[in-house]
Amino acid sequence: MDVLVSLCKRRGFIFQSSEIYGGTGAAWDYGPLGVELKNNIKRAWWRDNIHLRPDMVGLDASILMHPQVWKASGHLDHFTDPMVDCKACQHRFRADKVEEQSWIHYCPATKGNKFEVPAGEPCKHCNVRRSLCPDCGKGELTTPRQFNLMFKTFMGPVEEDAAVTYLRPETAQGIFVNFDNVLQSMRLKLPFGIAQIGKAFRNEITPGNFIFRTREFEQMEIEFFVNPLETIDGRPADEVWHERWIESRFAWYQRYGMRRENLRIREHEKDELAHYAKRTVDIEYQFPIGWSELEGVANRTDFDLKQHAQFSGKSLTYFDEERKQHVVPYVIEPSAGADRSLLAFLADAYREEEVRGERRVVLRFHPDLAPVKIAVLPLLKKRPEIVTTAHDLRATLARRWVTVYDDTAAIGRLYRRQDEVGTPYCVTVDVQTVGDSAKGESGDRCVTIRERDSMEQIRVPIAELPGIFERLLGDGAWADVARSYPPARG
Ligand code: GAP
């Protein structure tokens, strides 16, 4: 994880929030390349789950909602974690996670020497187990108390109880409360889904592991509504749709290059299931911190719509024309984190390779996700014709793809820099491209394209570049394109 954190800072992907004031440790800022990468992930998710499907629509609900929403959803009463405090150092822990970290121990069997004991193990000198604060090793921990994770704030100019509201802890509730608006305005028929991408806020007791668990993050959520009276091949439709969504979401990560062996499905145990959920699975990724949740896919039954109908007094039903009756739809909820997806795509893309005796770091991003698609590099920046041609090329290609120009180092170094940020293609303009007007030589108007993963190079006419990148950055494979052009010298 440290390697990724350092790369992200050095190459402008992710910075600590408010770093010049010492940072917060609970929120992160996306730099110039990070914002491109995150936007690309969100764009791919939106395109595949909304635009390409006939049964999905989008929504962008507000972060601040009526406080009754959180009473109805159960967040006010139940969105809590058990918390304990150290009476000496005041550090705060989730009571149910405190055994999962290593602990500081002043061992009486070794004249009070200080040791760090691995999580869950006793001290190997005195055989004592942890009973004090794991961080300072001295203070007693308070008895656990429930801590609500929602951020409280005030709506309007007065800070009084009547004005209390909350920053949303999930985007899902914005979809449920708009169910009828979307149903009526878009004249939808079941089954259909509403999707939303947006910020969510949770006052996590122990944020950490970089962008894995933060207090401000972005979710990409779908609520897919199904008629509970319907069956598909003799099975309840909600159960079939749940399986379809698990498959679809599992495949989605692989479509953008995530390796199959780093993904798995984990079924929630009965005692772990929310009381309203019929079945929930997590799609887990093998993060540098170990296997952890990337996305949850839950069958939430009709719980949410019924709760909001009861608390608001408004009907949230669907009229089943065939059966001539009102039904409360069941809902399947694939709920992913945009930041956590980014961390997984980043970890999966990261490679350290040896090339001709030198170490190269490369991010093997899928071209759709790569922050920069093309880098135009002049071989010699002392030759004005080369520089002008390279600038012109960048301007042309930038109309269609994110394209950068860089002349701040020798070509080998420039390639390594682009590899390290995952740019799939570099275009090099050289002496042969422009010729030497002083000697009356005109250039061949060809440039070199270098592919990031194979590092192969081909020589292509400038005039054909837009068409070539249309293929390469569409669905075309490098090998197919490269076959049509002569190789260039490396
Ligand atoms: N509406 C259901 C829901 O919010 P969740 O499992 O609490 O379910 C869904 O959150 C996803 O949101 C998680 O799988 C994770 O990717 C992301 N997520 C949740 N809490 C997060 C946090 N504190 N920091 C970053 N991402 C988080």
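For clarity, every value in this text was computed on a predicted model and none was experimentally measured.

### A closer look at the site of the ligand
Item 1. Within the structure, the ligand sits among 19 residues, and E170, R202, E204, E221 and E293 are positioned closest to it.
Item 2. L294 is positioned with one of its backbone polar atoms (N or O) 2.9 Å from an oxygen atom of the ligand.
Item 3. Its free accessible area being 550 Å², the ligand has 88% of it covered by the protein chains.
Item 4. Elements represented by at least two residues in the shell around the ligand include exactly β12 (216–226), β17 (290–299) and β20 (330–337).
Item 5. Its residues assigned to classes, the shell around the ligand shows 5 nonpolar, 5 polar and 9 charged.

### Digging into the pairing of strand β23 (residues 374–378)
Item 1. Judged by how many residues are buried, β23 sits mostly within the fold: 5 of 5 residues are covered.
Item 2. Side chains of β23 alternate between two faces, with I374, V376 and P378 and A375 and L377 buried alike.
Item 3. Between β23 and its parallel partner strand β24 (residues 403–405), the chain crosses via helix α10 (residues 384–398), and the hand of that crossover is right-handed.
Item 4. Sheet topology note: the β23/strand β25 (residues 425–429) ladder contains 5 bridges and is parallel.

### Section: the packing of aromatic side chains
Item 1. Within the structure shown, the criterion is met by 18 aromatic pairs.
Item 2. Taken together, F176, F179, F192 and F225 form an aromatic cluster joined through their ring pairs.
Item 3. Note that R450 overlies the ring of Y415, its terminal NZ or CZ placed 4.4 Å from the centroid.

### Some details on the pairing of strand β16 (residues 279–287)
Item 1. Among the 9 residues that make up β16, 7 are buried, leaving the element largely enclosed by the rest of the structure.
Item 2. Summarising the sheet, strand β15 (residues 263–267) and β16 pair through 5 bridges and their orientation is antiparallel. Opposite R264, over in β16, you have E284 as the bridge partner.
Item 3. Of the strand pairs in this sheet, β16 and β17 are connected by 9 bridges, and their pairing is antiparallel. When the sheet's bridge partners are listed, D282 is paired in β17 with G296.
Item 4. Between the antiparallel neighbours β16 and β17 lie 2 residues.

### Looking at the nonpolar core
Item 1. Counting residues in hydrophobic clusters, the biggest one holds 56 residues, and the most contacted among them are F13 and Y253.
Item 2. Broken down by element, this core gets its largest block of residues, 8 residues, from helix α9 (residues 338–349).
Item 3. Counting residues in hydrophobic clusters, the runner-up holds 27 residues, among them I374, W401, I458 and W478.

### A word on the packing of helix α2 (residues 32–51) against helix α7 (residues 237–255)
The angle between the axes and the distance between the axes are what describe a pair of packed helices.
Item 1. Where α2 contacts α7, the axes come no closer than 12 Å and their chain directions differ by 140°. Accordingly, the angle class assigned to the pair α2 and α7 is oblique. When the axes of α2 and α7 are compared, the crossing they make is right-handed. Contacts between α2 and α7 involve I41, A44, W45, D48 and N49 from the first element and W245, R249, W252 and R255 from the second.
Item 2. A class-by-class count of the residues in the contact of α2 with α7 yields 5 nonpolar, 1 polar and 3 charged.

### Brief notes about a nonpolar patch on the surface
Item 1. Judged by side-chain polarity, L379, L380 and V431 come together as a nonpolar surface patch covering roughly 210 Å² of accessible area.
Item 2. For L379, the position within the fold is in the loop between β23 and α10.

### Some points on α2
Item 1. In a regular helix each residue adds 1.5 Å, so 20 residues correspond to 28 Å; α2 covers 27 Å between its end C-alpha atoms and thus fits that length.
Item 2. Here α2 has its buried residues at L33, G34, L37, K38, N40, I41, K42, A44, W45, D48, N49 and I50.

### Some thoughts on the side chain of R459
Item 1. Of note, R459 is situated in strand β27 (residues 457–461).
Item 2. What makes R459 buried here is its relative accessible area of 12%.
Item 3. There is a polar contact of 2.9 Å between the side chain of R459 and the side chain of D430.
Item 4. A polar side-chain atom of R459 sits 3.0 Å from the main-chain carbonyl oxygen of C446.
Item 5. Residues within four places of R459 in sequence aside, it is in contact with D430, Q432, T433, D444, C446, V447, T448, Y485, P486, P487 and A488.

Calculation criteria
Residues numbered from 1 in each chain as written. Predicted model: local features only at pLDDT ≥ 70, side-chain atom pairs only at ≥ 80, totals over all residues. Heavy atoms only, no water. Near = heavy atom within 4 Å. Polar contact = N/O pair within 3.5 Å; in protein donor to acceptor, adjacent residues only side chain to side chain. Areas by Shrake-Rupley, 256 points an atom, 1.4 Å probe, with all protein chains shown as cover. Helix = DSSP H or I, 4+ residues; strand = E, 2+ residues; numbered from the N terminus. Nonpolar A, V, L, I, M, F, W, Y, C, P; charged D, E, K, R; others polar. Buried < 20%, exposed > 50% of the residue type's maximum accessible area, 1.4 Å probe, protein only. Right-handed = clockwise from strand over helix to strand, strands pointing away. Pairing = 2+ DSSP bridges. Phe/Tyr/Trp six-rings, centres within 6.5 Å; stacked < 30°, edge-to-face > 60°. Lys NZ or Arg CZ within 6 Å of the ring centre and 35° of its normal. Core = buried A, V, L, I, M, F, W, Y, C linked by side-chain atoms within 4.5 Å. Axes fitted to C-alpha atoms, helices over the stretch in contact; angles between N-to-C directions. Parallel < 35°, antiparallel > 145°, perpendicular 65-115°, else oblique. Left-handed = near helix turned anticlockwise from the far one by under 90°. Contact = heavy atoms within 4.5 Å. Patch = residues over 30% accessible without salt bridge, like charges linked within 9 Å, V, L, I, M, F, W, Y side chains within 5 Å. Salt bridge = Lys/Arg side-chain N within 4 Å of Asp/Glu carboxyl O. Expected span 1.5 Å × (residues − 1).

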